[in-house]
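Spelled out, the chains give:
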Amino acid sequence: MSAAIQAATRPALVDVVTSGAHRAGAVLRLDVVAVPLAVARIAAVLAHRRFDVLTMDVAAPVDGSRRITIQVDTADEVRLEQLVKFLNRSLDVVKVVRL
């Protein structure tokens, strides 16, 4: 493939940055039990359900629980509600709050 064709098929960096700037996002605050694999399980759920995670802030454990704040890039309210319900049923999660 020639260099001119490759350059034409690649998205420009400006297009990638500006196209993501208008998408809606949601912030979830999770209180999870302070076990070593809880954060990994939450990350696995998000990856399995194909959510684009923008930020994931994991706080230090306090009184046996750990607070995780996640910002996901989605405008689909149905998928987000399904995620919240699934996380609330998880054994590692104490509480999920949408901010």
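Residues numbered from 1 in each chain as written. Predicted model: local features only at pLDDT ≥ 70, side-chain atom pairs only at ≥ 80, totals over all residues. Heavy atoms only, no water.

### Focus: the side chain of aspartate 31
Then, number 1: As for its position among the elements, aspartate 31 is in strand S1 (residues 25-33).
Then, number 2: The class of aspartate 31 is buried, set by a relative accessible area of 12%.
Then, number 3: Here aspartate 31 is in contact with Arg66, Arg67, Asp92, Val93, Val94 and Lys95, once residues within four sequence places are set aside. (Helix = DSSP H or I, 4+ residues; strand = E, 2+ residues; numbered from the N terminus. Buried < 20%, exposed > 50% of the residue type's maximum accessible area, 1.4 Å probe, protein only. Contact = heavy atoms within 4.5 Å.)

### Thoughts on the nonpolar core
Then, number 1: The biggest cluster of nonpolar side chains holds 18 residues, and the ones touching the most others in it are Leu30, Ile42 and Leu83.
Then, number 2: Contributions of two or more residues to this core are made by S1, helix H3 (38-48), strand S3 (65-73), helix H4 (77-89) and strand S4 (93-98).
Then, number 3: What isoleucine 42 contacts, discounting residues up to four positions off in sequence, is Leu30, Val32, Met56, Ile68, Ile70, Leu87 and Val93. (Core = buried A, V, L, I, M, F, W, Y, C linked by side-chain atoms within 4.5 Å.)

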